[in-house]
Structures are given as structure tokens and as C-alpha cells.
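# Residue-level structural notes
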Amino acid sequence: MDTDSRVALSKPVGDEVRKTTCYMCACRCGIDVHIKDGKIRYIEGNRDHPVNRGVLCAKGSAGIMQHYAPARLRAPLLRTGPRGSGTFREISWEEALSLATTWLGEVRQSDPKKLAFFTGRDQSQSLTGFWAQQFGTPNYAAHGGFCSVNMAAAGIMTIGGAFWEFGAPDWDRTRLFVLFGVAEDHDSNPIKIGISKLKQRGARFVSVNPVRTGYSAVADNWIGIRPGTDGLLILALVHELLRARRIDVDYLVRYSNAPWLVIDAPDTAEHGLFARDTEGRALVYETVTERIVPHGTKGAHSALSGRYQLEDGRFAAPSFQLLAEKYLDPRYAPEAVAAETGVAAETIRGLAAEIARVAFEETITVDQSWTDVHGVHHETFVGRPVSFHAMRGISAHSNGFQTARALHMLQVLIGAVDCPGGFRFEPPYPKPLEAHPTPHGKAEHFGSNKPLSGPHLGFPRGPEDLLVDAEGKPTRIDKAFSWDAPVSAHGLMHMVIANAHAGDPYPVDVLFLYMANMAWNSSMNTAGVIRMLEDKDPETDEYRIPRIIYSDAYASEMVAYADLVLPDTTYLERHDCISLLDRPISEPDAVQDAIRWPVVEPDRDVRGFQTVLLDLGARLRLPGFVDSRGKAIYADYADYIVRHERRPGIGPLAGFRGVKGDRAGRGAANPDQLKRYIENGSFFSVHIPLEAQFFKHANQAYQDFAVSMGFFDKPQPVTFQLYSETLQKFRLSAEGLRAPLAPEAYRQRILGAFHSLPEWYRPLEEAALGEGDFPYHAITQRPAAMYHSWGSMNAWLRQIHTRNVLYVPGAICEAHGLKDGDWAWVISHHGRIKVEIARSDAINRDTMWTWNAIGKRSGAWALDRDVPEARKGFLVNHLIHELLPPKGDGQRWSNSDPVTGQAAWYDLRVRIEKAEPAEISEPHLPELSEPDLGNRPNELRYGQEWAE
């Protein structure tokens with residue numbers, strides 16, 4: 001295409017183009033919104049935006065139909081009939097906010113923990129978390145617990161960052177890219193741009209995924225692994241690299257805890273912990289002087305192997321010695337893991353050899369001098385051009401935390417973290433574990449009308465930081481940071497309703513949810529959760545969860561179960577802040593954040609949830625939301641974005657700070673800050689100095705840059721933690737050797753999962769059920785064209801995916817006499833669904849799968865009652881229980897990772913039976929009666945809102 005035609009295609013189709021940030025998935029791409037006569041007419045990618053460079057997917061382009069969706073709520077609603085009836089009356093905002101203030105105020109006055117405040121995929125968690133902290137409830141978290149906490153927690157605890165919003169492959173230099181378990185909706189435009197660069201340069205792309213769709217379909221090599229065994233495959237790769245001595249020893253000594261001495265004193269409280277000096281510094285054995293010195297001693301040459309006697313007479317060995325002994329064991333050999341993983345031994349051995357070859361024979365350098373945090377000067381950046389990326393496919397298993405740790409360990413062993421060609425950190429990461437808070441929410445942390453003493457979420461350093469009472473019982477409704485899930489850095493949103501209904505550990509009075517479709521696709525055991533929301537105490541005839549406040553922009557399935565509905569705006573009608581305090585859009589070479597702003601004004605009686613939350617905070621007189629006279633500090637969310645400070649000079653946005661708007665990172669509030677963002681395309685970017693772009697974990701220039709930007713108040717270099725002392729402390733507690741002692745009921749669970757070096761263990765549901773009755777796996781993937789339920793009701797996107805079928809591998813089809821178009825019963829230990837199937841050979845032979853969140857409940861989302869999504873669409877969620885199969889011990893064991901509480905969506909085991917043909921999938925729940933949404937259109941068309 002020549003330049004003239006390219007320009008012609010980009011001529012405005014409206015009177016004005018307004019630049020903002022997309023919200024049709026979590027990529028947060030820049031978009032140009034064309035406006036004509038006050039209406040949105042077209043959305044295209046912003047070519048100047050650093051995230052997508054003008055690339056826009058189907059979801060982003062379809063934002064116009066999201067904005068004009070018939071499912072939009074139009075006013076606050078108060079339930080007048082039973083829950084689930086859809087019977088509401090519209091009320092004024094003053095009545096809605098007064099009622100919410102009364103309900104919330106009663107809880108805050110009597111017992112703040114009786115409020116459970118949880119949010120879905122919003123991008124304002126720095127505000128919602130601050131609000132909950134000031135309210136004083138310990139019960140707050142966002143969606144990460146059922147999405148990707150295993151990725152985040154494992155990454156931060158191992159290398160100081162992780163995949164997705166923490167870092168990215170070096171797309172311009174990588175020569176081997178290995179992708180684990182990433183659905184094509186995640187980070188889609190950046191990954192598509194990156195893969196196109198790989199293809200143009202001839203770099204190799206390997207995908208490890210049970211299903212070959214999307215990214216996997218264009219990979220040079222697809223490895224169709226058995227679900228839940230990724231960690232075993234990774235450890236087999238480590239075995240091969242160690243056996244071949246293809247590891248970066250210098251990198252390990254410089255940047256990891258591989259040389260740190262681990263105490264060998266069985267049956268004592270310090271066995272397996274690091275030997276330290278009186279100042280708490282880890283000790284290493286220095287090979288030249290043959291003495292034990294603190295890690296970081298200038299000029300020291302640290303040993304990676306051996307056994308050494310400490311001054312107190314005990315012995316210790318470098319953690320790498322333990323690592324090598326563990327993974328060189330024959331049980332990790334390719335032949336030993338091939339049957340379990342479903343990956344041939346020669347494939348595993350070939351991948352290991354290719355990783356080693358590229359890392360050590362295609363080493364690249366960048367001619368740029370730099371100085372590390374130890375004062376050592378380097379003339380170049382040396383890179384191992386092997387990079388990895390992973391997401392929910394390895395995360396959503398009950399062994400996912402250790403799998404993610406294993407993958408980060410593999411990166412460190414070959415020296416491929418934050419180097420040219422490898423995985424690269426995105427600011428404000430990396431951050432060491434010590435830079436993160438410990439969680440707050442112990443009984444002494446909260447009380448009537450009293451703020452929580454610190455942030456809800458964080459990282460325990462050991463059992464002493466758990467949020468449990470004197471008897472060891474959880475103080476949070478989701479049991480986060482308790483013995484159930486000690487390192488649950490994102491909470492356990494998937495357990496809130498079930499625990500509140502059971503009164504375990506206690507009941508709640510108010511459930512406050514934002515943008516979380518917990519009555520449908522965001523819950524395990526969907527029908528069971530609906531029954532919990534509807535259930536009443538037979539003695540009082542009151543709902544077991546007495547009051548539910550819900551905010552959403554659309555009439556989702558969850559709306560019908562709310563008592564009070566606070567209607568949100570669409571993303572094109574409100575201010576949002578994509579903040580460095582939250583989930584920024586930084587790139588490895590630049591610090592970046594962004595905003596959304598109202599490119600059009602609402603034509604309904606709706607308000608942005610963040611502004612509503614600020615209003616409620618002022619009405620409740622929460623500290624930080626009102627001044628000393630009780631007057632609201634912030635007029636609305638836009639005012640909060642500009643004037644709020646988390647620390648002096650540090651606010652939600654890093655750009656255009658200072659009185660003149662000429663400062664970045666730190667600076668006084670600038671009243672014109674939002675205006676400057678809008679003029680700049682709704683984003684801000686500051687380039688990282690060339691000498692600071694790599695090895696950020698140990699680069700003095702980057703550490704100084706990070707302090708200047710306000711990420712830290714002092715340098716915070718990261719030492720990669722291949723061996724986890726935190727996990728070992730929990731093991732000692734479970735062994736009865738270190739206080740506080742783990743309760744007896746939890747000891748075997750902790751010992752089975754809390755390994756100080758990454759380990760693979762069989763997923764918990766699979767281990768409990770065995771393979772006899774339920775021999776197959778069933779998983780879901782999100783399609784590239786949709787992002788959860790709010791995308792799958794979009795008029796344009798529904799033309800791409802209107803219903804889902806269950807894809808069944810050929811071997812299973814032949815074993816059960818199934819063919820395309822047949823119907824089948826899919827049965828788990830918990831439930832059964834009847835669905836239409838299609839044969840697919842682009843899938844692991846023991847696994848069946850479907851698209852997630854396309855199935856709808858009839859009557860929701862302003863769709864006709866007989867749409868294909870409601871008739872033939874279905875959810876696998878009906879087969880998944882929020883609890884593991886009972887063990888007979890009286891415990892309610894969450895179907896989650898025992899370390900982090902990550903929901904184990906992908907551990908599902910099933911069998912399949914041929915069924916009679918049908919027209920409607922099962923279970924088919926009764927049709928919802930949706931609230932009155934006004935003059936609902938029959939047809940949506942481009943260029944006009946609708947046609948009657």
C-alpha cells in the first residue's frame with residue numbers, strides 16, 4: 001500500500017478524533033475514537049501509542065458496539081422481588097447512595113469485617129484497596145486469585161517480577177521464544193506484534209499448550225502437553241541443562257542466591273534456612289581465601305558446591321549444591337517424565353538442546369557500558385537470546401505456583417533474565433520481596449470506625465505474618481493468608497460467596513462487588529453459587545448473605561442477584577487511571593502510564609464506579625476521603641487522580657507532575673495534568689537511560705533512575721531467589737520445629753506443596769480422584785475475539801463466536817463412537833453437562849476443551865431468550881466445584897493452589913458418554929427476568945445506535 005492510500009484510509013469519519021485507552025481487554029491499547037454529532041462513529045488504533053503502535057484487534061474495533069450495547073444499565077436499581085427474579089425499581093442516585101451508606105455504615109460501626117468488598121477486572125485497584133483499608137475491613141481483593149496469582153507470586157518471590165504486566169520478551173533480539181499456556185486474548189496486540197517480529201527475523205517460536213489455537217497455530221513447534229504437567233516438563237529441561245553443564249555460572253554467582261549457604265541441621269528450627277551473620281546478611285564460602293563471608297563482599301569468589309562448617313559448628317552447603325543434587329536425580333530425566341507429560345523424551349531433550357545452543361552459542365552483546373550495584377564496571381551488556389512467556393494455562397492449577405517458580409528458575413540458570421534477547425522487566429519492576437508489604441488484617445489490625453493499619457495484600461515472610469487469630473482461624477472471609485492459602489497475594493475471590501454462605505470462618509452482612517460476574521462465568525460451581533445467593537435461613541427467612549451491592553455497566557447474570565445496583569458507565573464515558581501504583585503499561589525501555597477520559601458524555605443516569613466510591617467514602621467519613629471538617633476531599637475520580645498522593649510527590653500518574661508539568665515520577669500535583677495527558681494521546685512515556693535498560697535488578701543506573709521516579713525511596717536491587725527461605729519456614733512450621741506451629745490438619749498439605757526448591761506434584765483433584773472414573777481433562781480457553789462475558793454479548797463479536805462446542809480429540813471420539821455434531825454427556829465428580837461436540841486433532845489426546853464465557857443464561861445481557869449462546873452455549877464451570885472432594889476429615893478444602901489460593905480451574909477431570917441429539921445444552925437454568933433497560937433496540941448497526 002502506498003503512502004497516499006494509507007493516509008486516505010485514516011481520514012476522520014467524524015467531526016473530531018479523541019484519543020483514549022481501550023478497555024475491551026487488559027492490553028490497554030491506544031485508540032482513536034471518531035466522533036460525529038456527539039456520537040461515536042469509528043474506533044481505530046492510535047499509531048503513536050507505545051503499546052499497540054496502531055494495531056487494533058477485533059475487540060478494540062468493536063468498542064463502539066460495547067458502548068451502544070442494549071445491555072447497558074440506565075439508572076440505580078433497588079430489588080423489589082426475590083433474588084434472581086429480576087424485579088427492581090429505578091431509584092435516584094441520592095436514594096441509592098443514602099441506602100448504601102446506611103448499610104455500610106452499620107457494618108463499619110459494629111464489625112467492619114462483616115463487609116466483603118471484592119472487585120473484578122477493574123484497573124483501579126490502588127483506589128479500591130485504599131478505600132477498603134480506610135473502611136477497616138480485612139476483606140478486600142480483586143480478581144487475581146481466580147486468574148493469575150500463581151504467576152505474580154511465584155515471579156515476585158523468585159526474580160522480583162513476572163510475566164504479563166511485570167515484563168516482556170525482548171522481541172527485537174530474541175532468537176528462541178517459548179510460550180507456555182497463554183490464551184490468545186491475553187496481551188494480544190503486543191504478542192501479535194512480537195510474534196510478527198520473530199517471523200520476520202527467522203527466530204524460532206515454540207508453544208507449549210494442550211490446545212493448538214491462536215498463537216500455538218503459528219508456532220514453529222507445538223508441544224501438546226497434558227494439562228497440569230508443565231512443571232514436570234520444565235524440571236526435565238533443567239535436568240538436561242545441568243547434566244550437559246549448560247548453565248551460566250557467572251550469572252548465578254553474581255545475581256542469584258545460588259551461593260548462599262543453607263544450614264544443614266535436621267530436626268532444628270533453622271534447618272534449611274540461610275546462614276547469616278549478626279547483621280542478617282546471607283553467608284557464602286569464598287574460594288580464594290577459603291573462609292565464610294557475607295554475600296556481596298567485594299571481590300569475593302563464591303562457591304556453588306561443597307559442604308562447609310560454620311563458626312557455631314553446624315554445617316551448610318550452597319543452595320546450588322542442593323539444586324543440582326535435586327534435579328540431576330533420574331526421576332527428572334526425559335524418559336522418566338515422558339508418559340506423565342505426554343511429551344516424547346526426544347522432544348524434551350531436543351528442546352533442552354535448542355535452549356542451550358541458542359543461549360550459549362548465539363550470545364549477543366549490546367555495546368553500552370554500565371556499572372552494577374557492587375561497583376563493578378562492564379563495557380557491554382551480554383545477552384542470552386532465549387525468552388519465555390506464560391500465563392493462566394500454567395497458573396490455574398493447584399501446582400501452578402511451583403510450576404511458575406520452575407520456569408523462572410530455568411530462565412535464571414541460563415542467564416536470560418533482563419538481558420538482551422531474554423525476558424525483560426517493565427518498570428516499576430523488578431522489586432525484591434522486601435520491597436513489598438506484609439498483609440494486614442489480623443484481629444488487632446481492625447475495629448469499629450478504624451482504618452486497617454496497612455494494605456490488605458502483600459507477601460508473608462513466614463508463618464508469623466499469617467492473618468489468623470489466637471486459635472489459628474482465618475481473619476479474612478476468603479481465608480487468604482491463613483493456613484489454607486498462606487501466600488495468597490491476590491486473595492481468593494472465588495471462595496468469598498461459598499465461605500460467606502457457610503459462615504466459615506464467619507458470615508458477612510454486606511457483599512459489595514464491582515464488575516465481577518459471580519453468578520455465572522466467574523464462579524466455579526455456577527448453579528451452586530446461584531443457590532447460595534438465593535438461600536435463606538429457615539429460622540429467620542433472611543438471606544444467608546443479607547445484603548448485596550453490585551456495580552456494573554451491563555445487565556449481566558449477577559445483576560439479578562443484587563439488592564442494590566449502582567450502574568457504571570462504559571469505558572468511553574469515564575475517567576480511568578492506568579497507574580504505576582497499579583497495573584501500568586510500561587515497556588522494557590520506557591516507563592509508561594495512561595488514562596481514559598469521557599470522550600462522550602453518558603446519556604443515562606449512570607456514574608463511574610470510582611467516583612461513586614469516593615462519594616461513599618466521603619459520606620461514611622472515611623479518613624483520607626474527608627478533611628478535618630468532614631468535607632469531601634475529592635470532587636470526583638478525575639480530581640482524585642490529579643491530587644491524591646500516596647507518598648509526598650507520588651500520585652496515581654507519573655507524567656506531567658510539578659507546578660509547571662515538567663516533572664516525571666515525583667512532583668507536586670499539577671491541576672492541568674489530565675489535560676496534558678489528553679493532549680499527548682492519553683499516555684505518558686519517559687525513556688529509561690541507555691545504561692539502565694538491562695540487568696535492572698543489579699544495575700546501579702537503573703536503581704538510581706527508579707529512585708528518581710519514585711518507585712523506591714532508596715535502591716532496591718534484587719537477588720534472584722532460586723531457593724526460597726520463606727517456603728522453608730512454612731515447612732519447618734509443618735514439621736513442628738518452628739513457631740507458630742501449623743495446625744495438625746494442615747501439616748501434610750504444607751509439606752506436599754511448600755518446597756524450598758521448585759517441585760512438581762500431581763494436581764490435587766487428580767490425586768484425590770485417580771484416573772479410573774474420570775480419565776480425561778477438560779479445560780477452557782478464551783478466544784482472541786472476546787474478553788470474558790462482557791465481550792461475548794457484543795453485537796459485532798457475536799458474529800465471530802455465537803456458540804461454543806466441546807472439542808474432543810480423535811482418540812477419545814473413536815473410543816466412544818463420537819463424531820462431529822454429536823451430543824455428549826461430560827461428567828465430573830461434581831456434576832454433568834450435555835453439550836454438542838466437534839472432533840479436533842489439534843489437541844492433547846487426553847484433553848477436551850471449549851471457549852470460555854460464550855455460554856449465556858437466557859434473559860441476561862439484553863439478548864433474545866433464544867439466542868444460540870443461551871440455547872447451545874454452555875459453561876464448563878458447572879462441572880467444577882469450589883471445594884476438593886471430601887477427605888472425611890470435616891475440612892472444607894478449597895479447590896486451589898495450597899500456596900497461593902489460585903483457583904484450580906484447569907485441574908478438572910471428566911469422563912464422556914454419548915447422548916441423544918438435542919437442541920438445548922444442559923443444564924439449562926430458568927430464564928432470567930432482566931430489569932427494565934428502556935427502549936431496547938432490535939438491531940445494532942455501524943454508524944447509528946440502532947434501528948427499530
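Further up the page is the structure itself.
Residues numbered from 1 in each chain as written. Predicted model: local features only at pLDDT ≥ 70, side-chain atom pairs only at ≥ 80, totals over all residues. Heavy atoms only, no water.

## Some details on the pattern of salt bridges
Scanning all chains against the criterion turns up 72 salt bridges. A salt bridge links Glu90 to Arg74; the nearest nitrogen and oxygen atoms lie 2.4 Å apart. Placement of the pair is Glu90 in strand β5 (residues 88-90) and Arg74 in the loop between α3 (63-67) and β4 (77-79), with a sequence separation of 16 residues. The salt bridge partner of Arg574 is Asp576, with a shortest N-O separation of 3.0 Å. The exposure class of Asp576 is buried, given its relative accessible area of 4%. (Salt bridge = Lys/Arg side-chain N within 4 Å of Asp/Glu carboxyl O. Helix = DSSP H or I, 4+ residues; strand = E, 2+ residues; numbered from the N terminus. Buried < 20%, exposed > 50% of the residue type's maximum accessible area, 1.4 Å probe, protein only.)

## What to know about the sheet that holds strand β2 (residues 30-36)
Sheet strands pair via backbone hydrogen bonds, and the direction of the pair is either parallel or antiparallel. Reading across from one edge, β1-β2-β3 is the order of the three strands in this open sheet, with antiparallel pairing throughout. In this open sheet, the two edge strands, each paired with only one partner strand, are β1 (16-21) and β3 (39-45). Between one strand and the next, the sheet's axes are offset by a mean angle of 30 degrees, whatever the strand orientation. Two strands pair when backbone bridges link them, and β1 and β2 are joined in this way by six bridges, in the antiparallel orientation. Bridge pairing in β2 links Glu16 to Ile35. (Pairing = 2+ DSSP bridges. Axes fitted to C-alpha atoms, helices over the stretch in contact; angles between N-to-C directions.)

## A few points about unusual backbone geometry
Cis geometry marks the peptide bond from Asp504 to Pro505, where omega comes out at 15 degrees. Residue placement: Pro505 occurs in the loop between α15 (496-502) and β23 (510-514). Cis peptide bonds are those with omega within 30 degrees of zero, and the linkage from Glu922 to Pro923 qualifies with 0 degrees. With respect to the helices and strands, Pro923 occurs in the loop between β34 (909-915) and β35 (939-941).

## Re the sheet that holds strand β25 (residues 564-567)
Reading across the sheet, the seven strands line up as β5-β4-β25-β24-β23-β6-β7 and stay open at both edges, with mixed pairing between neighbours. Strands at the two margins of the open sheet, each flanked by one partner only, are β5 and β7 (140-141). Here β23 pairs with strand β24 (residues 547-552) via five bridges, running parallel. Note on β24: the bridge partner recorded for Leu511 is Ile548.

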